[in-house]
Amino acid sequence: MRLAVIGDVHLRFDASDVAALDARGYDALLFVGDLAGYAQRGGVKVAKVIATLRTPAIVVPGNHDATNAAQLLAEVMHNDAAAALVSRGMSARVAELRAALGGAALGGYSLHAVRGADGERIDVVVARPHSFGGPRLSFRAYLREAFGVESIEQSTERLCAVIDRVEGERLIVLAHNGPSGLGDRRDAIWGVDFRPSEGDHGDVDLRAAIEHARARGKKVIAVVAGHMHRKLRGGGERAWQVREGETLFVNAARVPRVWREGGARKRCWVEVGIEGERVEAREVVSD
C-alpha cells in the first residue's frame with residue numbers, strides 16, 4: 001500500500017498538485033491540516049481544490065482551519081475567556097470547510113478505513129482536531145460543543161474510544177500535531193524552537209492513546225502529523241522522521257511546501273509505503 005502525506009498547506013495547493021498526486025496512483029492521501037492562513041476563505045478555497053482529487057483523501061483540521069486570528073492570539077496568550085468569546089461561529093466555519101471538501105473526509109476523533117488496490121485494509125485513526133500542540137487543550141469551547149471534550153483527560157478518553165473500534169491489528173494515526181515523548185530539544189521532531197528553554201511540544205493525549213493502543217495489542221505502524229515546521233527559528237532543521245519500536249513517526253510540515261528553485265516551481269509531499277507491519281517514508285519533490 002502507498003499513501004501520500006501532505007504537510008501543512010498554508011494556501012499552497014493547486015490544480016498542479018491534484019494532477020501530480022492523482023498521477024502517482026496512491027491508495028489514499030492524508031492531509032495533516034493547516035490548509036488556511038489566517039482567514040476562513042483561504043482554507044475553503046484550498047478545500048475546493050482538494051475536492052477535485054480522484055484519489056481518496058482524509059483531512060485533519062489544524063489550528064489555522066476554521067479559526068480566526070483573534071482565536072489564535074487568545075490561544076497563544078492562554079486566555080480561555082477571550083478564546084471562548086472569539087470562537088463564536090467556529091462550528092459553522094467547520095461545516096463550511098467540510099462541505100467545501102466534497103468527497104474528501106474531514107476527520108477528528110474518527111476512524112476511517114483505507115483500502116489498497118489489492119484489497120488490503122488499513123485503519124486510520126484521526127486524532128484531536130485543531131491541535132495547537134503542548135499540554136493545553138486548545139479551542140476548548142468548540143471541542144466542548146462539537147465533541148463534549150473540555151479537558152485533556154476527556155480528549156484522551158475520546159481518542160482511546162476510537163482506538164477501541166479498530167477491528168484489525170494495524171493502524172495509522174493522522175494528527176495535526178504529533179505526540180509527546182519524542183524529544184525536548186529544539187530540533188526534535190515536535191520540539192519547541194520558539195523559546196530558549198526548548199521543550200517537548202507534543203500532544204500528551206495522543207501519546208496516551210498510542211500507549212493505550214499498544215496495551216490493547218494493536219500495532220501503531222505509523223503516526224503522521226505536521227504543525228511544527230521543519231525550518232527552525234534561529235536556523236537549522238528538525239528531524240522529520242523517527243522510529244520508536246514498531247512505529248514510524250513522520251512530520252510532513254515542510255513549509256512552504258511549494259517553492260521556486262532555479263526558476264522552476266517545486267512542490268513536495270511525503271510518500272509512505274506499507275508492507276505488512278513495515279513502513280518506510282521518503283520525501284517526494286515534484287515539478
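The structure displayed is predicted, hence computed values, not measured ones.

**Brief notes about the overall build of the protein**
In step 1: Scanning the protein from N- to C-terminus turns up 8 helices and 13 strands.
In step 2: Relative to the 2.2 N^0.38 estimate, which gives 19 Å for 287 residues, the radius of gyration of the protein is 18 Å and therefore close to what a compact globule would have.
In step 3: Taken over 287 residues, the protein has a buried fraction of 57%.
In step 4: Considering only contacts in the protein between residues 6 or more positions apart, those separated by 24 or more positions represent 71%.
In step 5: Element-wise, carbon and sulfur atoms account for 50% of the exposed surface of the protein, whose accessible area totals about 11900 Å².

**What to know about the sheet that holds strand S10 (residues 247-251)**
In step 1: The 6 strands are arranged S5-S6-S7-S8-S10-S9 in an open sheet whose pairing can be described as mixed. Looking at strand neighbours, the two that pair on one side only are strand S5 (110-115) and strand S9 (241-244), the edges of this open sheet. On average, adjacent strands in this sheet sit at an angle of 20 degrees to one another, irrespective of strand direction.

**Quick notes on the packing of helix H7 (residues 152-163) against helix H8 (residues 204-215)**
In step 1: Contact geometry for H7 and H8: axes closest at 9 Å, N-to-C directions at 35 degrees. Crossing handedness for the pair H7 and H8: right-handed. Judged by residue contacts, Ile152, Ser155, Thr156, Leu159, Cys160 and Ile163 of H7 engage Val204, Asp205, Leu206, Ala208, Ala209, His212 and Ala213 from H8.

**As for the packing of helix H2 (residues 40-50) against helix H5 (residues 90-100)**
Packed helices, taken two at a time, are described by their axes: the angle between them and the distance between them.
In step 1: With their axes 8 Å apart at the nearest point, H2 and H5 run at an angle of 25 degrees to one another. Between H2 and H5, the interaxial angle falls into the category roughly parallel. Contacts between H2 and H5 pair Gln40, Gly43, Val44, Ala47 and Lys48 from the former with Arg93, Glu96, Leu97 and Ala100 from the latter.

**Overview of helix H3 (residues 69-76)**
In step 1: When we look at burial in H3, the residues that qualify are Gln71, Leu72, Ala74 and Glu75. Around the axis of H3, the buried residues are gathered within 165 degrees of arc, so they sit on the same side. Among the exposed residues of H3, those pointing more than 90 degrees away from its buried face are Leu73 and Val76.
In step 2: Buried-residue contacts for H3 involve helix H4 (80-86), H5 and helix H6 (140-147).
In step 3: You can read the cap of H3 off the contacts: a side-chain oxygen lies 3.2 Å from the backbone nitrogen of Ala70, and it is on Asn68.
In step 4: Two residues or fewer past H3, His78 is found with a positive phi of approximately 60 degrees.

**Focus on the packing of aromatic side chains**
In step 1: Throughout the structure, instances matching the rule amount to 4 aromatic pairs.
In step 2: Seen in terms of ring centroids, Tyr109 and Phe147 are 5.0 Å apart; in terms of plane orientation they differ by 70 degrees. Their pairing is edge-to-face. Within this pair, whereas Tyr109 is found in the loop between strand S4 (105-106) and S5, its partner Phe147 is found in helix H6, the two being separated by 38 residues in sequence. Each member of the pair, Tyr109 as well as Phe147, is classed as buried.
In step 3: Each residue in the set Tyr109, Tyr142 and Phe147 is aromatic and connected to the rest through ring pairs, giving one cluster.
In step 4: Here Arg254 stacks its cationic end above the ring of Trp259, 4.0 Å away from the centre of that ring.

Cut-off values and rules
Residues numbered from 1 in each chain as written. Predicted model: local features only at pLDDT ≥ 70, side-chain atom pairs only at ≥ 80, totals over all residues. Heavy atoms only, no water. Helix = DSSP H or I, 4+ residues; strand = E, 2+ residues; numbered from the N terminus. Rg over C-alpha atoms; globule rule 2.2 N^0.38 Å. Buried < 20%, exposed > 50% of the residue type's maximum accessible area, 1.4 Å probe, protein only. Contact = heavy atoms within 4.5 Å. Areas by Shrake-Rupley, 256 points an atom, 1.4 Å probe, with all protein chains shown as cover. Pairing = 2+ DSSP bridges. Axes fitted to C-alpha atoms, helices over the stretch in contact; angles between N-to-C directions. Left-handed = near helix turned anticlockwise from the far one by under 90°. Parallel < 35°, antiparallel > 145°, perpendicular 65-115°, else oblique. Arc of directions from axis to C-beta. Polar contact = N/O pair within 3.5 Å; in protein donor to acceptor, adjacent residues only side chain to side chain. Phe/Tyr/Trp six-rings, centres within 6.5 Å; stacked < 30°, edge-to-face > 60°. Lys NZ or Arg CZ within 6 Å of the ring centre and 35° of its normal.

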